[in-house]
Amino acid sequence: MLVFVFQGYLLWSYSQRPDNAFSIWSMLYGEPKKKMDEEPLIDEELTERILEKLNTIMEEDKVFRQPDLSLSGLAKKLDTNDKYLRYVLGKTYTSGFVSFVNQYRVEDAKRMLVEVDYDIYTVESIGQMSGFKSKSSFYTAFKEATGKTPFQYRQEWGKEVL
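Please read these numbers as outputs of a predicted model, since none were measured by experiment. (Residues numbered from 1 in each chain as written. Predicted model: local features only at pLDDT ≥ 70, side-chain atom pairs only at ≥ 80, totals over all residues. Heavy atoms only, no water.)

### Side note on the overall build of the protein chain
We apply this condition: Each helix is a run of H or I in the DSSP string that is no shorter than four residues. Each strand is a run of E no shorter than two, and both are numbered from the N terminus. Classification of residues uses two cut-offs on accessible area relative to the type maximum, computed with a 1.4 Å probe and protein chains only: under 20% is buried, over 50% is exposed, and between them is partly exposed. Note on contacts: a residue pair is in contact if any heavy atoms of the two residues lie within 4.5 Å. Methods summary: accessible areas were calculated by the Shrake-Rupley approach with a probe of 1.4 Å, and residue burial reflects only the protein chains presented.
When its secondary structure is counted, the protein chain shows nine helices and zero strands. Going from the N terminus to the C terminus, the protein chain shows its helices and strands as α-α-α-α-α-α-α-α-α. The buried share among the 162 residues of the protein chain stands at 32%. Long-range pairs, those at least 24 residues apart, make up 56% of the contacts in the protein chain with a sequence separation of at least 6. Per element, the accessible surface of the protein chain, about 10,800 Å² overall, is 54% carbon and sulfur.

### As for the environment of Ala 75
Along the polypeptide, Ala 75 turns up in helix 4 (residues 71-77). If we ignore the near neighbours within four places in the chain, the residues touching Ala 75 are Thr 80, Asn 81, Asp 82 and Leu 85.

### Details of the confidence of the model for the protein chain
Residues shown with low pLDDT carry predicted positions that ought not to be read at fine detail. Rule in force here: Each residue gets a pLDDT score, which is the predictor's confidence in that residue and runs from 0 to 100.
With 72% of its residues at a pLDDT of at least 70, the protein chain reaches an overall mean of 82. No element of the protein chain has a lower mean pLDDT than helix 2 (residues 18-29), at 50, and none a higher one than helix 7 (residues 123-129), at 98.

### Brief notes about the packing of aromatic side chains
As a reminder, the rule being used: Two aromatic rings, drawn from Phe, Tyr or Trp (for Trp, its six-membered ring), form a pair once their centres lie within 6.5 Å of each other, and the interplanar angle then sorts them: stacked below 30 degrees, edge-to-face above 60, tilted otherwise. Cation placement over rings: the criterion is NZ of Lys or CZ of Arg within 6 Å of the ring centroid and within 35° of the ring normal.
Enumeration according to the criterion identifies eight aromatic pairs in this entry. Between Phe 100 and Tyr 104, the aromatic rings sit 5.3 Å apart at their centres with planes inclined by 70°, giving edge-to-face as the arrangement. Of the two residues, Phe 100 and Tyr 104 both sit in helix 6 (residues 97-114), four residues apart, roughly one turn of that helix. Residue classification places Tyr 104 among the buried residues on the basis of a relative accessible area of 16%. Judged by centre distance (5.9 Å) and plane angle (85°), the rings of Phe 138 and Tyr 139 are edge-to-face. The lysine or arginine in question, Arg 105, covers the ring of Phe 132, its NZ or CZ lying 5.8 Å from the ring centre.

### Focus: the nonpolar core
Going by this rule: We call a set of buried residues a nonpolar core when its members are Ala, Val, Leu, Ile, Met, Phe, Trp, Tyr or Cys and they connect through side-chain atoms within 4.5 Å of each other.
Membership of the largest hydrophobic core comes to 21 residues, with the highest contact counts inside it found for Leu 54, Met 58, Leu 74 and Leu 85. For this core, the leading source of residues is helix 3 (residues 44-59), giving five residues. If sequence neighbours within four positions are ignored, Leu 85 has contacts with Ile 50, Leu 54, Leu 71, Leu 74, Ala 75, Leu 78 and Thr 80.

### As for unusual backbone geometry
One non-glycine residue with positive phi stands out, namely Lys 62, at about 50°. Looking at where Lys 62 falls in the secondary structure, it is placed in the loop between helix 3 and helix 4. Of note in this structure, Asp 79 is not a glycine but carries a positive phi near 55°. Tracing the sequence through the fold places Asp 79 in the loop between helix 4 and helix 5 (82-92).

### Observations concerning the pattern of salt bridges
What counts is decided by this rule: Salt bridges are defined by distance alone: a side-chain nitrogen of Lys or Arg within 4 Å of a carboxyl oxygen of Asp or Glu.
In the structure shown here, the tally under the stated rule is 10 salt bridges. The shortest N-O distance in the salt bridge between Lys 53 and Asp 79 comes to 3.9 Å. Of this pair, Lys 53 sits in helix 3 while Asp 79 sits in the loop between helix 4 and helix 5, placing them 26 residues apart in sequence. What makes Lys 53 partly exposed here is its relative accessible area of 38%. The residue Lys 148 makes a salt bridge to Glu 156 at a minimum N-O spacing of 2.6 Å. Relative accessible area serves as the criterion here: at 26%, Lys 148 is assigned to the partly exposed category. Overall, the relative accessible area of 48% leaves Glu 156 in the partly exposed class. Residues joined in a network through salt bridges with shared partners are Arg 65, Asp 108, Arg 111 and Glu 115.

Here it is in structure tokens:
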């Protein structure tokens, strides 16, 4: 408690002189983190190249179907590093890696749930084919994206699971 009182006093006393307030804050709490908007990590050209490769590898190669897909693994496939890929995802999609991949997986599952060719598969099998590791992660991501369970979604299209 005494430490907090002392820190408060230091901040208040140095706030009377604005040039010192920031240095005392930095001394106590470290440098503030930079926002992504302030200074881009990579230029627009590299961002566009990574995005183009990312869209190709996700839509054509369907790497999202790999249950063990990781940020590092995807970055390697894109010939970039984790930090750049994380930056591009955050800047472009404002979502993390898992949410980004799950969006593709849910869209893939939605397509399979309504296509006649996939009528023979259970809802859980479709989740696995889409890249989800477990039934619970599939149901959670699907319901979050659509507001319905995969079973409800399939029933809505007139395809009951046996």
